[in-house]
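# Results of the structural survey
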Amino acid sequence: MLLRKIILEEFGAYRGKQSLNLTPKKNKPIILIGGLNGCGKTTLLDAIQLVLYGARARCSGRGTKPYETFLRESINRQADPTRGSAITLEFTVTVDGREHYYRVVRSWHTSGKSLKEFLNVFVDEVYGDKTATGRRSAPDAKFSRLLSEGWADHVEDLLPAEIASLSFFDGEKIESLADPERAASVIQSAVHSLLGVSTVQQLRTDLLALQRRQKLSDEEQHLMDNIHAQERERDVAQEQLESAHQSLGQFRAEAGKAKRELESLERAFEKEGGTLFERRLGLEAERKRVNALLSDLRASLTQVASGPLPLLMMDEQLAQVRQQAHREQSAAEARQVLEVLTERDRWLAELVPAPTRGEVLAQLEADRTKRSESAELTVDFQLPHDALAQLHALEEVLGRDKARAGEVLAHTLDTAEQLDQLDRQLAGVPPQSKVEALQAAREEQKRAVALQEAAVERAQAQLDELKRRRAHVTDLLERAHNDFVRTKVKAEEVERIIKYSEKARVTLNRFSEALLQRHISRLEVAMLQSFKELMRKQGLVHDLRIDTEKYTVTLTDASGEPIDPGRLSAGERQLLAVSLLWGLMKVAGNRLPNVIDTPLGRLDSRHREHLVDRYFPHASDQVLLLSTDEEIDAYLLGRLKKSVARTYTLVHDDTEFTTNVMEGYWWSAGDQNVA
């Protein structure tokens, strides 16, 4: 299996559409991908597993999160969640000498409160063909509905998830494998899955199941025994159901009794004023609030009364002042008119002819005399000229203050009444000593009622489960009767199948033991060879053995004495874990890609050189190496360069919290391919 290309769209920190060509070259198996911590190296490792295995993928960022929650959080935070994310992985698999091309696209997006996921698989059955010029033809992948719907099973044939965990690993995985107990489980899983031992054992199991199916399906007497057993099971289920009915009735009766006792205690508690006692703190707080409000209202009344409001008691006097103001205003207007008329009459006297002047002057004098009477006042307060306007404004102010005073006074009366009611309620609160015993008894009875109700719920659930079980057993019994009626026993055929199946199982058992021993021996040699190639201390470990029952690794020195793993440094234990993975790949034939994330964490410079020179170029036919600038630095890059097919750098924007894929490594930026 070779990974060809991966495309990330709005996945994790990867903004937009990011693409990496993962195809190795001849004698250059390494694809070097650099990135600082937090730039998305582990996210890239997760993406490969997620697109292949979906919910079964062992992604480092998932933890215990539900799969749907993990997918939601994997959408880039700046992307539109309704458009979602997508991962496309292109790879080839060689079967029977022919190369097949796959393109797997897993995408998801939110739709309201739900999340929708899609998986589309495209296949090119003739990818391995070459054109007349000798070049490989471009992939012509076609959508396969059958593979898309059954991908979970198909990918297990291509690369089982258990094996993928050995092929895709990070520094933490290597750290865990340094523990002998964890390494034992990995060795057992790898030997059985990766090296085919589990296939032989599964075949033995299938043959045993075939034998049992033959006995169960073809022997009439056994069918009758099965029918009798199911009849007994049905009778037991019926008895248990009846017992459950009785238990449920008893629990309900006890629960009813407990509730009645609680109701009696509630009535006694209320009769003794317990309700008021429980509300005491609330009543006291409410009285404090109402008392403060009453004080504020009384202050508001005082403030209103300090204005012109008391003048309302002099309503009659204000009316008289208003009348006097009208009279004085009319008199003032009359005096002004007299002055104008006097001037007018003097002017007219000069214009009237002499014979009639005396008569005209007499009439004018009589008119002025009449008008002067209205200008005279018995009492003159000499009010200001705008007295009427001032009195009108005073009336408006008094009207507003009167309405405001009425509202505040009504609110004050209501508040005072509310305060009186609270005082009466507080006066009726019984002392704590009077209700304390009843309160404790009531709380205890509440707990008893809760326990009885829980018992009723459990009894009801058990009853429902027994009903389902009885129905299931009855259905199985009916099927068994029908099968017995339809069965035609062929004793000779059954005997032959059982006989040869048993022979095959014995042969497979011997073959499984031999195969296991052979693979263990090969793995011991491969691990020891790998460990010695990587170790700086060449004479430290002389031999390595793997127990075929517990799958534990034992190291011995030159004198044959076992080496305590505690004697190894952290870096040496890490190299032992790498040797385990490398040995497994050697025994498996290097047919799987290796994706290695930050593998050099605890190693010194010499051990790092050994990994770079002896492990990475030979770990597999394809090695995706995810490294920080401090792991594969400029010096180690120079040593590794001859085996590197392509380099990339993951560049993280700390302001946008996004990562972009750039071609080239830190010390070879811009180079698509390393020479």
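Before reading further, recall that the structure is shown in the block above.
Residues numbered from 1 in each chain as written. Predicted model: local features only at pLDDT ≥ 70, side-chain atom pairs only at ≥ 80, totals over all residues. Heavy atoms only, no water.

The next thing to look at is the environment of Leu50. The residue Leu50 is located in helix α1 (residues 41-53) in this model. On the accessibility criterion, Leu50 (0% relative accessible area) is buried. Residues Leu50 and Leu71 lie 21 residues apart in sequence; the distance between their C-alpha atoms is 9.7 Å. Filtering out sequence-adjacent residues up to four positions away, Leu50 remains in contact with Phe11, Ala57, Cys59, Tyr67, Phe70, Leu71, Ile87, Arg106 and Trp108. (Helix = DSSP H or I, 4+ residues; strand = E, 2+ residues; numbered from the N terminus. Buried < 20%, exposed > 50% of the residue type's maximum accessible area, 1.4 Å probe, protein only. Contact = heavy atoms within 4.5 Å.)

Along the polypeptide, Asn594 turns up in strand β12 (residues 594-597). Here Asn594 falls in the buried class, since its relative accessible area comes to 1%. Other than its neighbours up to four places away in sequence, Asn594 contacts Ser167, Phe169, Met585, Tyr615, Ala619, Ser620, Gln622, Val623 and Leu624.

So, about the side chain of Ser85. Here Ser85 shows up in strand β4 (residues 85-95). Polar side-chain contacts of Ser85 include one of 2.4 Å to the backbone oxygen of Glu10. Excluding residues that lie within four positions of it along the chain, Ser85 makes contacts with Glu9, Glu10, Phe11, Ser74, Ile75, Asn76, Arg106, Ser107 and Trp108. (Polar contact = N/O pair within 3.5 Å; in protein donor to acceptor, adjacent residues only side chain to side chain.)

At Glu10, a position not held by glycine, the phi torsion is positive, near 55°. With respect to the secondary-structure elements, Glu10 resides in strand β1 (residues 2-11). Residue classification places Glu10 among the buried residues on the basis of a relative accessible area of 14%. Positive phi is not limited to glycine here, since Asn27 has a value of about 60°. Relative to the helices and strands, Asn27 is located in the loop between β2 (14-21) and β3 (30-35). A residue is classified by how much of its surface remains accessible, and Asn27, at 66% relative accessible area, is exposed.

Moving on to the pairing of β4. A large share of β4 lies buried, amounting to 9 of its 11 residues. Inspection of the sheet shows β1 paired to β4 by 7 bridges, in the antiparallel sense. In the sheet register, Leu8 faces β4, and the bridge partner there is Ile87. Both β4 and strand β5 (residues 98-111) contribute to a ladder of 11 bridges, which runs antiparallel. (Pairing = 2+ DSSP bridges.)

Let us now look at the packing of aromatic side chains. Using the criterion set out here, one finds 6 aromatic pairs in the structure. Between the aromatic rings of Tyr615 and Phe616, the centroid separation amounts to 5.5 Å while the plane-to-plane angle is 45°, which identifies the pairing as tilted. Taking the relative accessible area as the measure of exposure, Tyr615 reaches 2% and is therefore buried. Aromatic ring contacts, followed pair by pair, group Phe91, Tyr102 and Trp151 into a single cluster. Across the ring face of Phe657, the terminal group of Arg77 is positioned such that the distance to the ring centre comes to 5.3 Å. The ring of Phe122 is capped by Arg103, whose NZ or CZ atom sits 4.5 Å from the centre of that ring. (Phe/Tyr/Trp six-rings, centres within 6.5 Å; stacked < 30°, edge-to-face > 60°. Lys NZ or Arg CZ within 6 Å of the ring centre and 35° of its normal.)

In this section: the sheet that holds strand β10 (residues 553-556). Taken in spatial order, the 3 strands of this open sheet run β9-β10-β11, and their pairing is antiparallel. Edge positions in the sheet fall to β9 (543-546) and β11 (562-563), since each of these pairs with one other strand and no more. As judged from the 2 bridges shared by β10 and β11, these two strands associate in the antiparallel manner. Bridge assignment links Leu555 to a residue of β11, and that residue is Ile563.

To continue, consider the pattern of salt bridges. For side chains bearing opposite charge, pairing can occur when the charged atoms are close. Taken as a whole and assessed by the stated rule, the structure comprises 11 salt bridges. As a salt-bridge pair, Glu73 and Lys65 come within 2.5 Å of each other at their nearest N and O atoms. The partner of Arg447 in a salt bridge is Glu444, with the nearest N and O atoms 2.6 Å apart. Remark: Glu444 and Arg447 occur in helix α15 (residues 432-486); sequence separation between them is 3 residues, near one turn of the helix. Arg447 gets classed as partly exposed once you look at its relative accessible area, which sits at 48%. Under the relative-accessibility criterion, Glu444 is labelled partly exposed at 46%. (Salt bridge = Lys/Arg side-chain N within 4 Å of Asp/Glu carboxyl O.)

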